[in-house]
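# Tertiary structure, described
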Amino acid sequence: MPAHTTYSTWRLLLRSLEPSSSSIVYCFIFGCSITGLHILSLSLDFGTFLPSLLDGEWAAAYTNQIVQPIEAFLHNQTMSRIVLIVMWGLLGFAVFSLLEYIVELVRDVRDSEHNIRVVEQAVITHPMRQGVLLRMLWRMVIAMIFIALLVLAQPLFKKLLAVDYQLFVSEPTMHIILQIGGAILIWSFCAHVALVLIRLYLFRTRLGNDLLF
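Residues numbered from 1 in each chain as written. Predicted model: local features only at pLDDT ≥ 70, side-chain atom pairs only at ≥ 80, totals over all residues. Heavy atoms only, no water.

## Topic: the side chain of Asp164
Structurally, Asp164 can be placed in helix α6 (residues 154-169). Within the buried core, Asp164 has no salt-bridge partner, and the shortest N-O distance to an opposite charge, that of Lys159, equals 13 Å. There is a polar contact of 2.9 Å between the side chain of Asp164 and the side chain of His38. Discounting residues that sit within four places of it in the chain, Asp164 has contacts with Thr35, His38, Ile39, Leu42 and Ile180. (Helix = DSSP H or I, 4+ residues; strand = E, 2+ residues; numbered from the N terminus. Buried < 20%, exposed > 50% of the residue type's maximum accessible area, 1.4 Å probe, protein only. Lys, Arg positive; Asp, Glu negative; His and termini not counted. Salt bridge = Lys/Arg side-chain N within 4 Å of Asp/Glu carboxyl O. Polar contact = N/O pair within 3.5 Å; in protein donor to acceptor, adjacent residues only side chain to side chain. Contact = heavy atoms within 4.5 Å.)

Below, the structure is given as structure tokens:
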């Protein structure tokens, strides 16, 4: 039985590192979305898209149909207030979730410490106490790894965003298009790494269930 449990644990751990068909699609959509939104943001700053290629009616149509409506939407006071309220709401929800998690963690630790038995003058702690402490340590390690990777990846993120800028300062050659395609793949890989860390973060509490994706 212990051998089977060990095998199952390693099997689930290795499974959390493998991409599935759905996670590949989601990560690729994430990469395309990041690149598309950044290109859209740059087009708002430049007032057009592909200025070296699209001119005349194409440039006017893009400016009138895309740039101007988005700028009007962003500069609308009512929408700005709604976006601000939503952002503050998300921030408040994140803080509340963090506080709730800390309170539940402290409560679980205290319950595991007080849930003891005394047998022949020997104190026997609850079997789940070790699991609670191990889960807390595991999640702290995964969180520290995530923060470290996020800090170390900042130069990579800046380099990936700089690739999109070439569409506005030079002609869109095949080399630039391939670079943008490569940037999308790297964004997708970064999303997969984040997904793996989420799986590992939930690994201890979802040991008997299917992991994400």
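## Thoughts on a nonpolar patch on the surface
Taken together, the side chains of Leu84, Trp88, Leu91, Val95, Leu98, Leu99, Ile102 and Val106 make up a nonpolar region of the molecular surface, amounting to roughly 780 Å² of accessible area. Along the chain, Val95 turns up in helix α4 (residues 77-114). (Patch = residues over 30% accessible without salt bridge, like charges linked within 9 Å, V, L, I, M, F, W, Y side chains within 5 Å. Areas by Shrake-Rupley, 256 points an atom, 1.4 Å probe, with all protein chains shown as cover.)

## Details of the environment of Leu17
By the element assignment, Leu17 lies in helix α1 (residues 2-17). Residue classification places Leu17 among the partly exposed positions, given a relative accessible area of 43%. With 180 residues separating them in the primary sequence, Leu17 and Leu197 have C-alpha atoms 8.8 Å apart. Sequence-distant contacts of Leu17, defined by excluding residues within four places in its chain, comprise His192, Val196 and Arg199.

## Structural notes on the packing of helix α2 (residues 21-46) against helix α7 (residues 174-201)
Angle between the axes and distance between the axes are the two parameters that describe a pair of packed helices. Closest axis-to-axis distance for the α2/α7 pair is 8 Å, and the angle between their directions is 130°. Considered as vectors, α2 and α7 are oriented oblique to each other. As α2 runs across α7, the sense of the crossing is right-handed. Counting all contacts with α2, which are made through Ser23, Cys27, Phe28, Phe30, Gly31, Cys32, Ile34 and Thr35, the residues of α7 involved are Ile180, Ile184, Trp187, Ser188, Ala191, His192, Leu195 and Arg199. Per-class residue counts for the contact of α2 with α7 are 10 nonpolar, 5 polar and 1 charged. (Axes fitted to C-alpha atoms, helices over the stretch in contact; angles between N-to-C directions. Parallel < 35°, antiparallel > 145°, perpendicular 65-115°, else oblique. Left-handed = near helix turned anticlockwise from the far one by under 90°. Nonpolar A, V, L, I, M, F, W, Y, C, P; charged D, E, K, R; others polar.)

## Topic: the confidence of the model for the protein
On average, residues of the protein score 77 in pLDDT, and 74% of them reach the 70 mark or higher. Under a pLDDT of 50 for its full length, residues 1-7 has, in the predicted model, 0 contacts with residues more than four places off or in other chains. (pLDDT = per-residue confidence, 0-100.)

## A closer look at the packing of aromatic side chains
As enumerated under the stated definition, the model contains 1 aromatic pair in all. Here Phe157 and Trp187 contribute two aromatic rings whose centre-to-centre distance is 5.2 Å and whose plane-to-plane angle is 15°, an arrangement assigned as stacked. Within this pair, whereas Phe157 is found in helix α6, its partner Trp187 is found in helix α7, the two being separated by 30 residues in sequence. Of the two residues, Phe157 and Trp187, neither departs from the other in class, the shared state being buried. (Phe/Tyr/Trp six-rings, centres within 6.5 Å; stacked < 30°, edge-to-face > 60°.)

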